[in-house]
Amino acid sequence: MAHLLPANILIYAERKYILISKAEKLITKVRSASLSISQNRSIPGSLIDELVGSDMFRLLLPKRFNGQQLDLLEYLEIIQGFAQADGSTGWCLNQNNVLSTFAGVMPKPLADEIWSDKRSILANGPPVWFEIKKSKGGYKLSGEWRLSSGFSHANWLLALVSENDTAQTLPSTTTAQYMVIPKSQIEPIYDWNVNGLRGTGSNSFKADNLFVPENRTFKDSDAGKVTEAFNGINRSILFASGFAFVALGISRASLDETFKIARKKRPQGKSLLRDQELIQNQIGQAEAIWRSSKALLVESITDLIESSKTEKGPAVDDRIAVRLASTHAIRSAAHVVDTTYNICGSHAVYNSNPIHIRFQDIHALTQQIQGRVEHYSTAGQHLLGIKTESPFF
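Calculation notes
- Residues numbered from 1 in each chain as written.
- Predicted model: local features only at pLDDT ≥ 70, side-chain atom pairs only at ≥ 80, totals over all residues.
- Heavy atoms only, no water.
- Phe/Tyr/Trp six-rings, centres within 6.5 Å; stacked < 30°, edge-to-face > 60°.
- Helix = DSSP H or I, 4+ residues; strand = E, 2+ residues; numbered from the N terminus.
- Buried < 20%, exposed > 50% of the residue type's maximum accessible area, 1.4 Å probe, protein only.
- Lys NZ or Arg CZ within 6 Å of the ring centre and 35° of its normal.
- Axes fitted to C-alpha atoms, helices over the stretch in contact; angles between N-to-C directions.
- Parallel < 35°, antiparallel > 145°, perpendicular 65-115°, else oblique.
- Left-handed = near helix turned anticlockwise from the far one by under 90°.
- Contact = heavy atoms within 4.5 Å.
- Nonpolar A, V, L, I, M, F, W, Y, C, P; charged D, E, K, R; others polar.
- Pairing = 2+ DSSP bridges.

## Notes on the packing of aromatic side chains
Working step 1: Inspection of every chain in the model, using the stated rule, returns 9 aromatic pairs.
Working step 2: Pairing Phe 151 with Phe 205 gives two aromatic rings, centres 6.4 Å apart and planes at 15 degrees, and the pair type is stacked. Highlighted residues: Phe 151 in the loop between β3 (138-148) and β4 (156-160) and Phe 205 in strand β7 (residues 203-213), separated in sequence by 54 residues.
Working step 3: We classify Phe 205 as buried; its relative accessible area is 0%.
Working step 4: Connected via pairs of aromatic rings, a cluster forms that spans Trp 145, Phe 151, Tyr 190 and Phe 205.
Working step 5: Here the guanidinium or amino end of Lys 183 rests over the ring plane of Phe 151, the centre of that ring lying 4.9 Å away.
Working step 6: Here Arg 252 stacks its cationic end above the ring of Trp 290, 4.8 Å away from the centre of that ring.

Laid out in structure tokens, this is it:
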């Protein structure tokens, strides 16, 4: 029987099917390792090896660097799947994958140096302080950077050395300068002593008069736009939507676990949780909040993708809509997890309980830059015809 689709489409579909099948198998392994990931504050090396071998850190890397360069919504569904299994793993995969889009901004020889090694993973962190001195053939760099998610499994570090304080934001008036450093050359600071997203191992690092050659530096002067595969969509939007899907994954897992507990738990002197009208009402509302939050986010991203294909590129209305939907998904996910935590009572207070882990994870996530409540104001300003100065869209 003749194929109904062009050969290149069939090859792409087969490649995507194989990739998704690999992701599903790995998600099962990540779920089994979730408790140990949290307890040990890192993803096991053997699991990292499997994720690397299956290209899970190359999902957004441009094809010309042997990346998968997935469509955005396909990528986000994979991120949600991993986050349902373990929030820290989902977080690291999104952070490290979005950072790989810098390959299209760096000088090609630098990008080749990094991603010619299939094992390469890039991590970063906003600066606490830094000092740069011009030196023959490069720079002498001193400083400290924090919140480097995936630090334990990364082998390259991206040090921001310009005024804006994170690679997740880039005001159009600012040119961000970065230095790329082999992790072996810096001093680690193991300060990730937290309760939520423990497995991200988001430690700090510092450099003291470290020589960085000129060819390992680059500038990103085009408002963080990612031109390859995403038609100029701002990198900040990739971070925002990715972490929103991490939040959706965490809250979905919390809801599903609550369903199981509600069918078995009988509080002292009461009927099964599942038979109590109040619990039924809370579950129904939580499910509605989760589904509607995801639907709004998917719809907003779909509109942004369509406008990015036009001659003018991503429309401001659509960019802000994704900014709003991403923040709303994160905040709504936290509400859902809070509901499940309260429903499950004393079951949820134990460190080993999946509800407890998700509760800690989601409240670490809401503290991150993409979950700030102030992003609602950005959308409100735009809707009211006020020009917003926010760099987050």
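## Concerning the packing of helix α6 (residues 235-264) against helix α7 (residues 277-308)
Working step 1: Interaxial distance between α6 and α7 falls to 11 Å at its minimum, and their mutual angle equals 155 degrees. Between α6 and α7, the angle is such that the two are roughly antiparallel. In terms of crossing hand, the pair formed by α6 and α7 is left-handed. Listed contacts from α7 to Ile 237, Ser 241, Ala 244, Phe 245, Leu 248, Ser 251, Arg 252, Leu 255, Thr 258 and Phe 259 of α6 are Ile 283, Ala 286, Glu 287, Trp 290, Lys 294, Leu 297, Val 298, Ile 301 and Leu 304.
Working step 2: Counted by class, the contact of α6 with α7 contains 13 nonpolar, 3 polar and 3 charged residues.

## Let's talk about the sheet that holds strand β8 (residues 217-220)
Working step 1: With mixed pairing, the 4 strands of this open sheet are ordered in space as β1-β4-β5-β8. Where the open sheet ends on each side, the last strands, each with one partner, are β1 (122-125) and β8. The sheet shows a mean angle of 30 degrees between the axes of neighbouring strands, taken without regard to direction.
Working step 2: Two strands pair when backbone bridges link them, and strand β5 (residues 176-182) and β8 are joined in this way by 4 bridges, in the antiparallel orientation. From the neighbouring strand, Gln 177 faces β8, where its bridge partner is Lys 219.

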